[in-house]
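Listed below, chain by chain, are the residues.
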Amino acid sequence: MAGEDLGVLISRISMRDRSAFNLLYEQASPKLFAICLRILGERGEAEDALQDIFVRIWQRAGTFSTDGRSPMGWLATIARNHAIDRLRQKKPATRDIDDVYDLADGARTPEEDAHLKSEGRRIDQCMQRLEPDWASAVKDAYVQGLSYNELAEQYKVPLNTIRTRLRRSLIKLKECLEA
């Protein structure tokens with residue numbers, strides 16, 4: 001049906017012509033349904049919206065004027081606006097501030113990054129002051145997570161010697177870091 005014919009049908013609907021309304025529904029409903037479905041994303045919602053849209057068309061047909069306006073454009077605008085309104089009604093507007101949980105941001109701030117890098121450099125400098133084997137044992141124990149038994153086997157020394165080395169190394173590191 002041509003645009004002029006849709007305009008004639010809308011004019012007849014403004015005079016409460018039910019047969020014109022049926023014809024308009026047959027001609028325009030597929031396009032208007034497609035608009036609703038695209039906006040709402042759910043078939044059931046789009047079908048409900050389409051019913052509401054045709055009620056609005058029935059009620060507002062008298063406001064349509066044919067002076068340069070496309071009848072299908074007018075119908076599509078009604079459909080689009082109604083579908084958007086329905087979409088907005090489905091979404092919760094805002095939540096009360098007390099209902100929102102504060103989630104900590106796990107990312108470090110630039111200040112924290114700078115501090116950690118500075119501390120890392122200080123620890124590296126203090127580790128260099130230890131004997132190489134002792135520094136290596138500390139790294140293996142506290143970075144790699146090796147047990148005393150594993151360290152004793154790796155360095156081929158008695159278990160108590162490893163404990164003593166680690167304890168003395170940690171004391172030296174603590175003194176160096178506090179200085």
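Shown above is the structure to which this text applies.
Calculation rules
Residues numbered from 1 in each chain as written. Predicted model: local features only at pLDDT ≥ 70, side-chain atom pairs only at ≥ 80, totals over all residues. Heavy atoms only, no water. Helix = DSSP H or I, 4+ residues; strand = E, 2+ residues; numbered from the N terminus. Buried < 20%, exposed > 50% of the residue type's maximum accessible area, 1.4 Å probe, protein only. Areas by Shrake-Rupley, 256 points an atom, 1.4 Å probe, with all protein chains shown as cover. Lys, Arg positive; Asp, Glu negative; His and termini not counted. Salt bridge = Lys/Arg side-chain N within 4 Å of Asp/Glu carboxyl O. Contact = heavy atoms within 4.5 Å. Disulfide = S-S within 2.5 Å. Axes fitted to C-alpha atoms, helices over the stretch in contact; angles between N-to-C directions. Left-handed = near helix turned anticlockwise from the far one by under 90°. Nonpolar A, V, L, I, M, F, W, Y, C, P; charged D, E, K, R; others polar. Polar contact = N/O pair within 3.5 Å; in protein donor to acceptor, adjacent residues only side chain to side chain. Expected span 1.5 Å × (residues − 1). Arc of directions from axis to C-beta.

**Some remarks on the overall build of the protein chain**
- Across its full length, the protein chain holds 8 helices and 0 strands.
- The N-to-C order of helical and strand elements in the protein chain reads α-α-α-α-α-α-α-α.
- Sorting the 179 residues of the protein chain into buried and exposed places 28% on the buried side.
- A total of about 12,700 Å² of accessible surface is found on the protein chain, and carbon and sulfur atoms cover 49% of it.

**Topic: unusual backbone geometry**
- In the Ramachandran plot, Arg16 falls in the positive-phi region, its phi being about 65 degrees despite a non-glycine side chain.
- Mapped onto the fold, Arg16 is located in the loop between α1 (3–14) and α2 (18–40).

**Remarks on the side chain of Arg165**
- By the secondary structure assignment, Arg165 is in helix α8 (residues 159–178).
- One buried charge, Arg165, has no salt-bridge partner; the nearest side chain with opposite charge is Asp133, at 5.1 Å.
- For Arg165, the contacting residues outside a window of four places in its chain are Asp133, Trp134 and Val157.

**Quick word on the state of the cysteines**
- This structure, assessed with the given rule, holds 1 disulfide.
- Disulfide pairing is shown between Cys126 and Cys176; the S-S distance is 2.0 Å. The disulfide joining Cys126 to Cys176 has a torsion of about -80 degrees about its S-S bond and is therefore left-handed. A residue pair is termed long-range when its members are at least 10 positions apart, and Cys126 in helix α5 (residues 110–128) and Cys176 in helix α8 qualify at 50 residues. The pair Cys126 / Cys176 is uniform in exposure class, with both members buried.

**Digging into the packing of helix α6 (residues 132–142) against helix α7 (residues 148–155)**
- Closest axis-to-axis distance for the α6/α7 pair is 10 Å, and the angle between their directions is 145 degrees. Crossing of α6 over α7 shows right-handed handedness. On α7, the residues that touch Asp133, Ser136, Ala137, Asp140 and Ala141 of α6 are Leu151, Gln154 and Tyr155.
- Here the contact of α6 with α7 is composed, by residue class, of 4 nonpolar, 2 polar and 2 charged.

**A closer look at the packing of α2 against helix α4 (residues 71–90)**
- Viewed as axis vectors pointing N to C, α2 and α4 meet at an angle of 35 degrees, and their least axial separation amounts to 9 Å. Where α2 crosses over α4, the handedness of that crossing is right-handed. Side by side, α2 and α4 meet where Leu24, Ala28, Lys31, Leu32, Ile35, Cys36, Ile39 and Leu40 of the first sit next to Met72, Leu75, Ala76, Ala79, Arg80, Ala83, Ile84, Arg86, Leu87 and Lys90 of the second.

**Description of the environment of Ser70**
- Here Ser70 shows up in the loop between α3 (43–60) and α4.
- Taking the relative accessible area as the measure of exposure, Ser70 reaches 42% and is therefore partly exposed.
- In this structure the C-alpha to C-alpha distance between Ser70 and Gly7, which are 63 residues apart in sequence, comes to 7.9 Å.
- A polar atom in the side chain of Ser70 sits 3.1 Å from the backbone nitrogen of Gly73.

**A word on α3**
- With 18 residues, α3 should reach 26 Å at 1.5 Å per residue; the first-to-last C-alpha distance of 25 Å fits that figure.
- Here α3 has its buried residues at Glu45, Ala46, Ala49, Leu50, Ile53, Phe54 and Ile57. Down the axis of α3, the buried side of the element spans an arc of 170 degrees, and every buried residue falls inside it. Facing away from the buried surface of α3 by more than 90 degrees, the exposed residues are Gln51 and Gln59.

These results come straight from atomic positions and should not be treated as a statement about function.
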